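Breakdown of the fold
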Amino acid sequence: MDIKIKKRNGNYERLQVNKTKKMVSLACEGIEGCDPLELEVDSRIQFRDGMSTKEIQKILIQTAIEKVVQTKNDEYGNSSKEANPNWQYVAARLLAFDLYKEAKINRNYNNFGYGDFYTLVNMLVNKNLYGKYLTENYSDEEIRELGKYIDPKRDELFNYEGIKLLNDRYLIKGFNGEILELPQERFMVIAMHLAIPEGEKKVYYAKKFYDIISELKVTVATPTLGNAGTAFYQLSSCFISSVGDNLWSIYDVNQKFSKVSKHGGALGIYMGKVRALNSEIRGNKNASGGVVPWIKLYNDTAIAVDQLGKRKGGAAITLDIWHKDIYDFLDLKTNNGDDRRKAHDIFTSVSIPDIFMERLEKRESWSLFDPYMINKVMGYNLEDYFDDEDNKEFTKRYLECEANSLIPRESVLALDIMKKIMKSAVETGTPFIFFRDTVNRANPNKHKGMIYASNLCHEIAQNMSESELIKEEVNNDNGFDEVVERVKSGDMVTCNLNSINLGKVNKGDLKDIIPLQIRMLDNVISLNKFPVMESKITSNKYRAIGLGTSGYHYYLVNNKIRWESDEHIKEADKLFEEIAYESIKASMEISKEKGSYPAFEGSEWHTGKYFERRGYNSERWQKLKEDIKKYGMRNGYIMAIAPTGSTSNIANTTAGIDPVFKKFFIEEKKGSFTPKTAPNLNQENFWYYKEAHTIDQQWSIKACAARQRHIDQSQAFNLYITPEVKARDILNMYVEAFKQGVKTIYYIRNKSIEMDECTSCSS
């Protein structure tokens, strides 16, 4: 009997096996070790009457994926796993073919592959899925020119996970999830949006931006990847805010958090100014509930404002290690104790000054204070000071507080607090660590403020301060009563990220790619739809960006450098000095063209202290130092290394600066199993991919320190442990990281527990 197959348009046609063979052959064409006949046989498709072409495609894709990691038996019955990563590219092509067919039907064009870009842009603008600013800033002729520049062959650079993730999360779809936009079109629309500030040169830069994004040499931040070109264009990953010791400020930050989360961002919150448990309020003893109730408020906001149902909101909350509530704070995410004083959905971070680490090493005592009482008795806020090289202001004032008997305190052993930190870290991966004096010493803009905390992923280090309510008044000048608040804006940090894919480039490429990255990031600030006005003010004041890297381990493997080696440390130093040089130079060149950031005057960029601190004495650095003094800097903060979780998967590279978790493994998600391998895994590079939990973490700390010298902000730096690691060894990791000048520590990744990832900061 005749078997009829249901096509995507709903029509039926007689089964034509040669069509399936042709598609399989096309998917395997030119991919080494992937025989189309082998895929046909292994798929074991049982054709039946009424079967759909989508179902056939799904079977072929799943078969190709399952062939990535296979179990082989030798003649003695011993089994071993064998990986052929190239099948990922076959599966990716099959999925791309699937997207082409869907787009063809939904957009009503006849050819297989990509349709007319000009028609797509106008259609999606009319549907309010793209912003009108695209057609307002680009002429019909320019849009057609950019459409012709799109290169569909670059879809072949994706592995299966990359194109699937791009499709699942970022491609623009219709109300019912129908495929409208294809991968290269998404990249071109991002490029077009980010090129708008370039005026007459926007088409030139749109092409340049498109090339480095579509060739997977650069990844943009998750919000930029999903929102650029749309009607709702919030392009930043994270925001950081400071809470004052009053109800207005506490709820003001909560409102800001809700707006940030609504627009797809995460928030870092500094709470060190909030008075402790049982502190006085308006002269009433033991009236304060401390920081925990307010953290629970932020925790509930993270759950309630859940970013369009895609994921819950994310917040990292930082408290000083000398704050009286530190013990309760460290219990927030653990499973023991009173659940009414828990906040399982936020991420904790501890701000640690030099003097604590010094006392920890000496096994000395440590004093816990209420910040309200310090201000009441001493007339200053202890958290507003830090230790510079030649002025130990924080230590001086901390010792003053300890010497003043009028200030209540709790005296504990420094080691006991660190044990509490380590216990929580082993159980939950948190708290993150923020070495506040190390961070502030390296701050190039200390003339304008101070850094109290970092963002959720702990790579951002920028000036921050609380907003203050000046006055609330009633106004009826407009013919109706209105309540007007006058607010003194604080510095609310905005985190603008992209990353160079070190696995796809070499050092010689940096001088061409990084200037484009810096320009893209600077344009994010000019274009961004800020959810909170204070963040817009701060962004314009510092024009802060965070150029980062992904594919670090992949880079080492490509250059045959072992993780646990002195060669690695030397290469980290050389590579990141080169990245720093090209990044700073690029910002200076844009400053010539567009002007410096407003707070440049008096900064360490301006005075040259930035270069002196880092020992940049070579001829090229000295010339750059003089050029900056003359022409300025476009951006007040330049580099920050984000985790790049999801975007590194799209770009088929390793995440951030992390070593690979496993060389190959099978991932289970929602009942489906996907084999995965390290990028380009083969027999030649197999042993260079040492897995994260098998690495001596002291080598990772050394490499982090080598990179840190060249990074003005920080790095999302993880430490990896197993249940067998002793507490003494974990303590040594913290102490060594501090001594080596590491600024922040992100997760302690215990092999026995899973960590929640922040997708907002992926770049």
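Position numbers for residues start from 1 in each chain and track the written sequence from start to end. Two thresholds apply to this predicted model, a pLDDT of at least 70 for residue-level local features and 80 or more for giving and counting side-chain atom pairs, whereas whole-chain, interface and lining totals are computed over all residues. To obtain the side-chain values, all non-hydrogen atoms of the structure were used and water was disregarded.

Per an unreviewed UniProt entry, the protein chain goes by the name Ribonucleoside-diphosphate reductase and belongs to Clostridium fallax. According to UniProt, the comment filed for the protein chain under the heading Function (unreviewed entry) is "Provides the precursors necessary for DNA synthesis. Catalyzes the biosynthesis of deoxyribonucleotides from the corresponding ribonucleotides." UniProt positions are given in the numbering used here, feature names are shortened, and annotations may be inferred rather than shown by experiment. What UniProt states about the protein chain under its Sequence similarities (unreviewed entry) heading is, verbatim, "Belongs to the ribonucleoside diphosphate reductase large chain family."

Taken domain by domain, the protein chain consists of domain 1 (4-215), domain 2 (238-305 + 314-488) and domain 3 (496-717). Note on contacts: a residue pair is in contact if any heavy atoms of the two residues lie within 4.5 Å. Taken together, the contact between domain 2 and domain 3 spans 24 residues of the former and 30 residues of the latter. Across the domain 2/domain 3 interface, buried area totals approximately 2,100 Å², and carbon plus sulfur atoms make up 56% of it. Among the residues of domain 2 in contact with domain 3, P444, N445 and E459 are the three that bury the most area, contributing 29% of the side total. The term salt bridge refers to a side-chain nitrogen of Lys or Arg lying within 4 Å of a carboxyl oxygen of Asp or Glu. Our enumeration of links across domain 2 and domain 3 arrives at four salt bridges. Under this definition, polar contacts are N or O atom pairs within 3.5 Å; protein pairs additionally need one hydrogen-donor-capable and one acceptor-capable atom, and for neighbouring residues in sequence, both atoms have to be side-chain atoms. Summed over the shared surface of domain 2 and domain 3, the result is 17 residue pairs in polar contact (both at pLDDT 80 or more). Under the scheme used here, helices are H or I runs from DSSP no shorter than 4 residues and strands are E runs no shorter than 2 residues, and both carry numbers assigned from the N terminus. If one sorts the elements of the side of domain 2 that touches domain 3 by residue count, helix α12 (residues 247-262) sits on top with three residues. Each residue is assigned to one of three groups, with Ala, Val, Leu, Ile, Met, Phe, Trp, Tyr, Cys and Pro labelled nonpolar, Asp, Glu, Lys and Arg labelled charged, and all others, Gly among them, labelled polar. Its residues placed into classes, the side of domain 2 that touches domain 3 shows eight nonpolar, eight polar and eight charged. How far each domain reaches was decided by an automatic or database domain assignment. The quantity reported as buried area is the accessible area (1.4 Å probe) lost by two parts once they are put together, taken as the sum for both.

Quick look at the sheet that holds strand β21 (residues 744-745) now. By the convention used here, strands pair only if DSSP detects at least 2 bridges between them. Taken together, seven strands build an open sheet; the order of strands is β15-β6-β7-β8-β9-β12-β21 and the sheet is mixed. On the outer flanks of this sheet lie β15 (493-495) and β21, each paired with one strand and no other. As paired elements, strand β7 (residues 266-270) and strand β8 (residues 315-320) share four bridges and run parallel to each other. Its bridge partner being in β8, I269 is matched across the sheet by I317.

The next thing to look at is the nonpolar core. Of all hydrophobic cores here, the largest spans 202 residues; its most connected members are V90, M271, F356, W366, W605, Y734 and I745. Here, nonpolar core refers to any group of buried Ala, Val, Leu, Ile, Met, Phe, Trp, Tyr and Cys residues whose side-chain atoms link them within 4.5 Å. Working definition: with a 1.4 Å probe on protein chains only, accessible area under 20% of the residue-type maximum means buried, over 50% means exposed, and in between means partly exposed. One finds F347, F432, C457 and M464 within the second-largest nonpolar core, a separate group that totals 24 residues.

We now examine the sheet that holds strand β5 (residues 218-220). Here three strands make up an open sheet; going across it, the order is β5-β16-β17 and the pairing mixed. The open sheet has two free edges, formed respectively by β5 and β17 (546-550), since each of these has just one partner strand. Within the sheet, the average angular offset between the axes of one strand and its neighbour, ignoring direction, is 30°. With three bridges connecting them, β5 and strand β16 (residues 497-501) associate as antiparallel partners. Across the sheet, T219 pairs through a bridge with S499, a residue of β16. Along the sheet, helix α20 (residues 510-527) contacts β5, β16 and β17; its crossing angle with β16, the most-contacted strand, is approximately 165°. Axis definition: a line fit to C-alpha positions, over the contact stretch in the case of helices; interaxial angles, taken between N-to-C directions, run 0 to 180 degrees.

One can find E601 in the loop between α23 (566-594) and α24 (604-607). E601 gets classed as exposed once you look at its relative accessible area, which sits at 57%. Taking the C-alpha atoms as reference, E601 lies 9.1 Å from H447; in sequence the two are 154 residues apart. Contacts of E601, omitting those with residues within four sequence positions, involve H447 and H606.

So, about the packing of α12 against helix α13 (residues 292-304). Contact geometry of α12 with α13 gives a least axis separation of 10 Å together with a crossing angle of 20°. What the angle tells us is that α12 and α13 run roughly parallel. Of the two elements, α12 crosses α13, and the hand of that crossing is right-handed. Mapping the contact onto sequence places L247, I250, Y251, V253, N254, F257 and S258 in α12 and W294, L297, Y298, T301 and A302 in α13. Residue composition of the contact of α12 with α13, by class: nine nonpolar, three polar and no charged. Roughly parallel covers angles under 35 degrees, roughly antiparallel covers those over 145, roughly perpendicular covers 65 to 115, and oblique covers all other angles. Left-handed describes a crossing whose near helix is turned anticlockwise from the far helix through less than a right angle; right-handed describes the clockwise counterpart.

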